[in-house]
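If you want the building blocks of each chain, they are given just below.
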Amino acid sequence: MPPTASFQPLPDPAPQPPRLVGVEVEFMGPSARRAAQALAAGVGGDVVAEDAHAFAVRGSALGNLAVELDLRYAHPQRHGKTLPVRIGPKAAAGLGWLVSGAVPRELIVPPLPADRLAEVDRILDLLRAAGAHGRGATPFGSLGLHFNIDAPAADLPRITAVMLAFGLMESRLRREIAQGRRRLERHLPPPYPPEFLHRIAAPGYRPDQARLVDDYLAANPTRDRGLDLLPLLLSLDPARVRAKLPYEKIAARPVFHYRLPQAHPGESGWSIAPDWNRWVAVERLAADGERLAAAARAYRAGEEIWDAVSGPLADAIT
């Protein structure tokens, strides 16, 4: 990790207990088995096979890690209920071997206190030494870096504020993540639709739970968004979400699933810190009601919003 990399804290005033953050990183190269063995050699733990393409590293220095092929058809024992077509374990194993050259592996780090995120960079160094590679995208899509940040499930105004802050900042975040590379930009998740963002930026938008779920699902009936709220909404109202999306790959979790960033495990010294700090900027804007309202007014008026947004963005990233 470069010596200048630093992880900014969330804006919460000493939350008790501390908010946790799970991390998912996609990479190409070594098999799930080989990657799990490399992690166990570096940070301890026992490698346990869950299926032919999914391995756990139990009892590591960072808790129970997992590495798996990022294809749910390769893991029917876990995803069978949400698969439109059911296949057996042998067929799933064969399918996994067939596509393993094109489908990424995914490292899943269990929820950690935010002040321990620098330790994720260490295990990414271990994967890189084991042959992990990739620079932001594959020919078929983004090479994902996802954060799962504890969300205040009972605080609808806070959830709404974070959703709005992300929507207002999304165009800037997308530019910074793509770094001017069309190949990377092409594979980013689609942004929130403008009509949805105009709706939630309205001054009187203070939805109850049912309206929040309905409004989000009407505009975003997919997990393919930079800030995917489906896990959080499923934890709040499973019947409403599943009525709309019976087969979508969603696990109910009270988290903000931030999946806009891209992973660059093939770049020496690559750190997850800049993308984490961009998320912190979103939360800082969400926590500043006056600045958030000013940015929302500017957006609805078609004006430049960065006078309102640049403060929390710059404070987090620099």
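Heads up: these notes are all about the structure in this document. (Residues numbered from 1 in each chain as written. Predicted model: local features only at pLDDT ≥ 70, side-chain atom pairs only at ≥ 80, totals over all residues. Heavy atoms only, no water.)

### Digging into the overall build of the protein chain
Looking only at helices and strands, the protein chain has 13 helices and 10 strands in total. At 20 Å, the protein chain has a C-alpha radius of gyration in line with the 20 Å of a compact globule built from 318 residues. Put simply, 72% of the contacts in the protein chain that link residues at least 6 apart link residues at least 24 apart. Accessible surface for the protein chain amounts to roughly 13900 Å². Of this, 54% is attributable to carbon and sulfur atoms. Distance from the positive charge centre (38 side chains) to the negative charge centre (35 side chains) of the protein chain: 5 Å. (Helix = DSSP H or I, 4+ residues; strand = E, 2+ residues; numbered from the N terminus. Rg over C-alpha atoms; globule rule 2.2 N^0.38 Å. Contact = heavy atoms within 4.5 Å. Areas by Shrake-Rupley, 256 points an atom, 1.4 Å probe, with all protein chains shown as cover. Lys, Arg positive; Asp, Glu negative; His and termini not counted. Charge placed at Lys NZ, Arg CZ, Asp CG, Glu CD.)

### A closer look at unusual backbone geometry
Non-glycine residue Q179 carries a positive phi angle of around 55°. As for its position among the elements, Q179 is in the loop between α5 (156-178) and α6 (182-186). A relative accessible area of 44% means that Q179 is categorised as partly exposed. (Buried < 20%, exposed > 50% of the residue type's maximum accessible area, 1.4 Å probe, protein only.)

### Description of helix α3 (residues 89-99)
Three- or four-residue spacings in an α-helix give side chains the same orientation, since the helix completes a turn every 3.6 residues. Within α3, the full set of buried residues consists of A92, A93 and G96. Each buried residue of α3 sits inside an arc of 100° when the element is viewed along its axis, so together they form one side. Opposite the buried face of α3, at more than 90 degrees from it, the exposed residues are K90, W97 and L98. (Arc of directions from axis to C-beta.)

### Some remarks on the pattern of salt bridges
By the definition in use, this model includes 19 salt bridges. The partner of E283 in a salt bridge is R19, and the shortest N-O contact between them spans 2.8 Å. With E283 in helix α11 (residues 273-287) and R19 in the segment before β1 (20-27), this pair connects stretches of sequence that are 264 residues apart. By the burial criterion, E283 is buried, and R19 matches it. Across the pair E176 and R172 runs a salt bridge whose closest N-O atoms are separated by 3.1 Å. Of this pair, E176 and R172 both sit in helix α5, four residues apart, which is roughly one turn of the helix. Within this structure, D12, R19, R158 and E283 form a network of salt bridges that share partners. (Salt bridge = Lys/Arg side-chain N within 4 Å of Asp/Glu carboxyl O.)

### A word on the side chain of N148
Inspection of the secondary structure assignment puts N148 in strand β8 (residues 145-150). Looking at N148, the relative accessible area reads 8%, which means it is buried. Among the polar contacts listed, one links the side chain of N148 to the side chain of R253, at a separation of 3.5 Å. (Polar contact = N/O pair within 3.5 Å; in protein donor to acceptor, adjacent residues only side chain to side chain.)

### Concerning the nonpolar core
F256, W276 and W279 are the most contacted members of the largest nonpolar core, which has 87 residues in total. The biggest single contributor to this core is α5, with 13 residues. Apart from the residues within four sequence positions on either side, W276 is in contact with F7, Q8, L10, V21, A114, L117, F147 and I149. (Core = buried A, V, L, I, M, F, W, Y, C linked by side-chain atoms within 4.5 Å.)

### A short note on the sheet that holds strand β10 (residues 255-258)
Across the sheet, eight strands lie side by side as β2-β3-β4-β5-β1-β8-β10-β9; this open sheet has antiparallel pairing. Pairing within the sheet leaves two strands with one partner each, and these edge strands are β2 (46-51) and β9 (227-228). Where β8 and β10 come together, four bridges link them in antiparallel fashion. What sits directly across from I149, in β10, is F256. Packing of α5 onto the sheet brings it into contact with β9 and β10, and relative to β10 it is tilted by some 15°. (Pairing = 2+ DSSP bridges. Axes fitted to C-alpha atoms, helices over the stretch in contact; angles between N-to-C directions.)

### Digging into α11
The end-to-end C-alpha distance of α11 is 21 Å, a good match for the 21 Å that 15 residues give at a rise of 1.5 Å each. Among the 15 residues in α11, 12 count as buried, and that is most of the element. Within α11, burial applies to A273, D275, W276, N277, R278, W279, V280, A281, V282, E283, L285 and A286. (Expected span 1.5 Å × (residues − 1).)

### Thoughts on the layout of surface pockets
Looking at the largest pocket, its volume works out to about 1300 Å³. Along the walls of the largest pocket sit 48 residues, with E24, D70, E106, R223 and K249 positioned nearest its centre. At the level of elements, β1, β4 (63-69), α2 (76-79), β5 (105-113), β7 (141-142), β8 and β10 are the ones that each hand at least two residues to the lining of the largest pocket. The element contributing the most residues to the lining of the largest pocket is β5, with five residues. Here the lining of the largest pocket is composed, by residue class, of 20 nonpolar, 12 polar and 16 charged. Within this model, the second largest pocket holds a volume of roughly 440 Å³. Taken together, 19 residues make up the lining of the second largest pocket; nearest its centre are L164, P203, Y205, R206 and L292. Breaking the lining of the second largest pocket down by element, the ones donating at least two residues are α5 and α12 (289-300). It is α12 that contributes the most residues to the lining of the second largest pocket, six residues altogether. Tallied by class, the residues present in the lining of the second largest pocket amount to 14 nonpolar, two polar and three charged. (1 Å grid on protein atoms, 1.4 Å probe; cavity = no way out; pocket = protein on both sides within 12 Å on 5 of 7 lines; lining within 4 Å. Points joined across faces, edges and corners; volume = space filled by probe spheres on them. Nonpolar A, V, L, I, M, F, W, Y, C, P; charged D, E, K, R; others polar.)

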